[in-house]
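# Structural characterization, general
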Amino acid sequence: MTKSEVIWMNGKLVPYAEATVHFLTPAMHYGLAVFEGIRCYDTTKGPAVFRLREHLQRFINSMKILGIEAVPYDLGTLRQAVHATIRANAFESCYIRPLMYMAEGGLGLNLDNLVPAVGIAVWDWGNFLGDEGLKKGIRAMVSSFTRHHPNISMTKAKISGNYVNSVMAKTLAIRAGFDEAIMLDPEGFVAECSGENIFLVRDNTIYTPPRAIVLEGITRDAIITIARDLGYRVIEELISRDQLYSADEVFVTGTAAECVGIREIDYRTVGEGAMGPVTSALQAEFFQTVIGKGERSAEWLDYVQSGESVQVA
Ligand code: PPE
């Protein structure tokens, strides 16, 4: 992880060391923040952000789900801010983290007394599950922690407090010697991983859990679209844990993790125990797309425009 020079804080680019918040920031006490995870890729036409508008729309939707009526910045302003932050840090490729946090208003549980603020950081971040995992596939366990109930902490919003659930599942999986945790929904069906959506392949058909119980991953949508473009049938339906055990292939998708195969689940080898042919084909097309060489690149890449350089405060 290479840290950046500047971070965008409420309309201004400030030096990294000055992008700080106070101990009594309400977001820290109750997890009252929402975030996005976005990637910018190095393409032949310069840095380009993958599906920036969709990510920013989900960012705004997360705020709405949390209950914020007056969203502090509109999508166009946030888009310009993302571009300016990448430009100012001169990254060719990077991970982008916008965060809305309840910044002021004292403590107490009424959102309407609190004032939101927004920051955007970028940094250099390689594949989340490692380069070896990308090539060979990873090992996962089904977590004893249940994924969110749709009417408790909401499944569609990237609310910071919701991520305690993911952190507990991921930490347990790593401590137990696995790479990732697969989480079941409150009914016991497969939902998603701590930070990725999940798919299985059986007889060349691709299956993934329905949207109601998971985060509507933008990579999930991209992979479904790419799979259909390549002629695969994709079915969204409930999946049981044992369907994972007997699948030909299982893979996960996410901005940080990109598209990675799972070669072993709960000490059972998945398929041949290596990245399967369908996962390979999808991963290859995904990586072509994000660097500007895929059928969908023009539609999905938002090239970082050379614009006015924003003054560092
Ligand atoms: N499910 C969860 C729970 C999740 O956090 C993510 C993204 C996804 C699915 C995939 O969504 P998308 O990125 O739109 O394809 N997880 C982000 C956070 C990772 C982190 O460790 O922080 C990410 O991949 O950026």
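So, here is what we can say about the structure in this document. (Residues numbered from 1 in each chain as written. Predicted model: local features only at pLDDT ≥ 70, side-chain atom pairs only at ≥ 80, totals over all residues. Heavy atoms only, no water.)

### Quick word on the packing of aromatic side chains
- All told, the structure shown has 10 aromatic pairs when counted by the stated rule.
- Between the aromatic rings of phenylalanine 199 and phenylalanine 251, the centroid separation amounts to 4.8 Å while the plane-to-plane angle is 5°, which identifies the pairing as stacked. Of the two residues, phenylalanine 199 sits in strand β11 (residues 197-202) while phenylalanine 251 sits in strand β14 (residues 249-254), which places them 52 residues apart along the sequence.
- The exposure class assigned to phenylalanine 251 is buried, which follows from its relative accessible area of 0%.
- Through a chain of ring-to-ring contacts, the aromatic side chains of Phe50, Phe286, Phe287 and Trp300 assemble into a single cluster.
- Sitting over the face of the ring of tyrosine 16, lysine 3 holds its NZ or CZ atom 4.3 Å from the ring centroid. (Phe/Tyr/Trp six-rings, centres within 6.5 Å; stacked < 30°, edge-to-face > 60°. Helix = DSSP H or I, 4+ residues; strand = E, 2+ residues; numbered from the N terminus. Buried < 20%, exposed > 50% of the residue type's maximum accessible area, 1.4 Å probe, protein only. Lys NZ or Arg CZ within 6 Å of the ring centre and 35° of its normal.)

### A closer look at the nonpolar core
- By size, the foremost hydrophobic cluster in this structure holds 33 residues, and its most contacted members are Val49, Leu66, Ile86, Ile96 and Met100.
- Of all the secondary-structure elements, those providing two or more residues to this core are β1 (6-9), β4 (38-43), α2 (52-66), α3 (75-89), β6 (94-104) and β7 (115-123).
- A total of 6 residues in this core trace back to one element, the largest contributor, which is α2.
- Contact partners of isoleucine 86, with chain neighbours within four places excluded, come to Cys40, Val49, Phe91, Cys94, Ile96, Val122 and Val304.
- In this structure, Val142, Val190, Cys193 and Val270 belong to the second largest nonpolar core, which totals 23 residues. (Core = buried A, V, L, I, M, F, W, Y, C linked by side-chain atoms within 4.5 Å. Contact = heavy atoms within 4.5 Å.)

### Describing the environment of lysine 170
- Of note, lysine 170 is situated in helix α5 (residues 163-175).
- Sequence separation between lysine 170 and isoleucine 182 is 12 residues, and the spatial gap between their C-alpha atoms is 8.8 Å.

### Quick notes on the packing of α2 against α3
- Between α2 and α3, the shortest axis-to-axis distance is 10 Å and the interhelical angle comes to 125°. In terms of their interaxial angle, α2 and α3 are classed as oblique. The interaxial crossing formed by α2 with α3 has right-handed handedness. Touching Leu52, Arg53, Leu56, Gln57, Phe59 and Ile60 of α2 are Leu75, Leu78, Arg79, Val82 and His83, all from α3.
- The residue inventory of the contact of α2 with α3, partitioned by class, reads 7 nonpolar, 2 polar and 2 charged. (Axes fitted to C-alpha atoms, helices over the stretch in contact; angles between N-to-C directions. Parallel < 35°, antiparallel > 145°, perpendicular 65-115°, else oblique. Left-handed = near helix turned anticlockwise from the far one by under 90°. Nonpolar A, V, L, I, M, F, W, Y, C, P; charged D, E, K, R; others polar.)

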